[in-house]
Amino acid sequence: MGKRIHNFNAGPAALPLPVLEEIRDEFLDYKGCGMSITEISHRSKLFDDIINEAIERTKRLLGLSENFHVLFIQGGASLQFCMVPMNLAIQGRPVDYINTGTWSTKAIKEAEIQGKDVRVIASSEDKNFSYIPRDFQVDKDASYVHITSNNTIKGTQWASFPDAGGVPLVCDMSSDIMSRPIDANPFGLIYAGAQKNIGPAGTALVIIREDMLERVSKELPTMLKYTTFSEKNSLFNTPSCFVVYAINLVLKWLEETIGGLEKMHQINKNKGKILYDFIDRSDFYQGTAAPDSRSLMNVTFRLPSEDLENRFVQEALKQGMGGLKGHRSVGGCRASIYNATGLEAVKALVDFMAEFERREG
Ligand SMILES: *Cc1c(COP(=O)(O)O)cnc(C)c1O
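Because the structure is a prediction, the values reported are computed rather than measured. (Residues numbered from 1 in each chain as written. Predicted model: local features only at pLDDT ≥ 70, side-chain atom pairs only at ≥ 80, totals over all residues. Heavy atoms only, no water.)

## Some details on the overall build of the protein
Point 1. Check the secondary structure of the protein and you find 10 helices and 14 strands.
Point 2. Over its C-alpha atoms the protein spans a radius of gyration of 21 Å, differing by no more than 12% from the 21 Å that the globule rule assigns to 361 residues.
Point 3. With the C-alpha coordinates aligned to their principal axes, the bounding extent of the protein is approximately 65 × 55 × 30 Å.
Point 4. Residue burial in the protein is summarised as follows: out of 361 residues, 56% are buried.
Point 5. Partitioning the intrachain contacts of the protein with sequence separation of at least 6 by distance along the chain shows that 67% fall at a separation of at least 24. (Helix = DSSP H or I, 4+ residues; strand = E, 2+ residues; numbered from the N terminus. Rg over C-alpha atoms; globule rule 2.2 N^0.38 Å. Buried < 20%, exposed > 50% of the residue type's maximum accessible area, 1.4 Å probe, protein only. Contact = heavy atoms within 4.5 Å.)

And the structure:
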């Protein structure tokens, strides 16, 4: 096997090594059935056990009460931008959005395409989405309030969630799901593309509260209704079997090796602190997010010139650290330090950053 590098990719992103090893070890012969997980029927008992286990683990890890359904829906987070307004907007009542960056903007656009009455009740666009807005009012007539809990590209994160006064929160948690404990009760719906923090690309994890299902119109196309997925345990058609299987292994790792989301959060806070403390002490590296809005998942920073940034990214790769280039839309550098990117990777990065600064600063 070739040498594995420290993986700071933003998505698809690092998976825990024990999970990859388990996948490898049972890839040709899943639990003695003589076939690969990619070769068995989604109607088999073997797969039924996998999807049910993934659902139960999700409920346990997030402490979900009985009135939440856990679904797996193909099409990534981007399809959820469209399904959310399509299913959850109530006739004659606006849909509220808080715009904190590129992904929120895309979510808003999908609601507008459908002709929904979209209100952007807060935005941080005035400062290039470098902060999380705090001053806003949620109107009781809203169908829901949509937020993006972690802004993967801009490097900001909601440290705590806004009080929507009983209006259901809808949240895109693609890049920080399972990185910390949450109180799910104020959320009508949570969705996350799997490929950042919980698995390979190919499905979105959707957590929907029972009362939201009552809003779903029977007139919608079958594959675009949440009820199709909730009524058939996400098995109306063939799901992304391999992805659901891998998600289950990541959730097992979270429960059994890490010891739950409280512990995971501690590790993530520790990783973030090491990196941000280093950036704050340096005059060479500049963090781009407002300190009170910083993400524990995506650490965005700049160097004094684009030329230095390019060399930084290239030299880091030579030293076994990959994925440090910022998103093409914003430039700069970004270290994505999701659950599976460990403390040792962050320490190696900080050592390299110090060395690069000594040489070039
Ligand atoms: C990556 C990402 C998306 C897009 O996910 P897809 O699964 O590619 O559609 C949406 N929202 C956030 C916050 C993301 O990080």
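After presenting the structure, the write-up continues.
## Brief notes about the site of the ligand
Point 1. Taken together, the neighbourhood of the ligand is formed by 13 residues, with S78, T152, D172, Q195 and K196 sitting nearest.
Point 2. The contact in question runs from an oxygen atom of the ligand to an N or O atom on the side chain of Q195, over 2.9 Å.
Point 3. Within the side chain of K196, an N or O atom sits 2.6 Å from an oxygen atom of the ligand.
Point 4. Residue classes in the shell around the ligand are distributed as 3 nonpolar, 8 polar and 2 charged. (Near = heavy atom within 4 Å. Polar contact = N/O pair within 3.5 Å; in protein donor to acceptor, adjacent residues only side chain to side chain. Nonpolar A, V, L, I, M, F, W, Y, C, P; charged D, E, K, R; others polar.)

## Observations concerning the domain arrangement of the protein
Point 1. Entries for the protein in the domain assignment read domain 1 (18-258) and domain 2 (260-360).
Point 2. Taking only C-alpha atoms into account, the centre of domain 1 sits 27 Å from that of domain 2.
Point 3. Taken residue by residue, the interface counts 26 residues in domain 1 and 27 residues in domain 2.
Point 4. Regarding the contact of domain 1 and domain 2, the summed buried area is about 2100 Å², with carbon and sulfur atoms giving 55% of it.
Point 5. Here domain 1 and domain 2 share 1 salt bridge between them.
Point 6. The salt bridge partner of R134 is D292, with a shortest N-O separation of 3.7 Å.
Point 7. Remark: the boundary between domain 1 and domain 2 carries 15 residue pairs in polar contact (both at pLDDT 80 or more).
Point 8. Secondary structure elements with two or more residues in the side of domain 1 that touches domain 2: α2 (45-62), β7 (156-157) and α7 (241-258).
Point 9. The leading source of residues in the side of domain 1 that touches domain 2 is α7, at 4 residues.
Point 10. Residue composition of the side of domain 1 that touches domain 2, by class: 11 nonpolar, 9 polar and 6 charged. (Domains from an automatic or database assignment. Buried area = accessible area lost by both parts, 1.4 Å probe. Salt bridge = Lys/Arg side-chain N within 4 Å of Asp/Glu carboxyl O.)

## Some remarks on α2
Point 1. Under the 1.5 Å per step criterion, the end-to-end length of α2 is 26 Å for 18 residues, consistent within 8% with the ideal 26 Å.
Point 2. When α2 is considered as a whole, its buried residues turn out to be F47, I50, I51, A54, I55, R57, T58, K59, L61 and L62.
Point 3. Lining the buried residues of α2 we find β2 (68-73), β10 (204-209), α7 and α8 (261-281).
Point 4. Following α2 by one or two positions, G63 adopts a phi angle in the positive range, close to 60°. (Expected span 1.5 Å × (residues − 1).)

## Looking at the packing of α7 against α8
Point 1. Interhelical geometry of α7 versus α8 gives an angle of 85° and a closest axis separation of 9 Å. In terms of orientation, α7 and α8 fall into the roughly perpendicular class. Residues W253, L254 and I258 of α7 touch α8, and the partners they reach there are L261, K263, M264 and I267.
Point 2. Tallied by class, residues from the contact of α7 with α8 come to 6 nonpolar, no polar and 1 charged. (Axes fitted to C-alpha atoms, helices over the stretch in contact; angles between N-to-C directions. Parallel < 35°, antiparallel > 145°, perpendicular 65-115°, else oblique.)

## A word on the side chain of E309
Point 1. With respect to the secondary-structure elements, E309 resides in helix α9 (residues 306-318).
Point 2. In contact with E309, other than residues within four places in its own chain, are R302, L303, G332 and C333.

## Remarks on the packing of aromatic side chains
Point 1. Taken as a whole and judged by the stated rule, the model has 17 aromatic pairs.
Point 2. For the ring pair Y30 and Y245, a centre distance of 5.7 Å and an interplane angle of 90° mean the geometry is edge-to-face. Residue Y30 is found in the loop between α1 (17-25) and α2, and its partner Y245 is found in helix α7; the two are separated by 215 residues along the sequence. Of the two residues examined, Y30 and Y245, each falls in the buried class.
Point 3. Relative to F301, the ring of Y285 has its centre 6.0 Å away and its plane inclined at 80°; by these criteria the two rings are edge-to-face. Taken together, the residues Y285 in the loop between α8 and β11 (286-287) and F301 in strand β12 (residues 298-302) connect sequence positions 16 residues apart.
Point 4. An aromatic cluster of at least three residues, connected via ring pairs, comprises F278, F284, Y285, F301, F312, F352 and F356.
Point 5. Taking NZ or CZ as reference, K127 lies 5.7 Å from the ring centre of Y131, over its face. (Phe/Tyr/Trp six-rings, centres within 6.5 Å; stacked < 30°, edge-to-face > 60°. Lys NZ or Arg CZ within 6 Å of the ring centre and 35° of its normal.)

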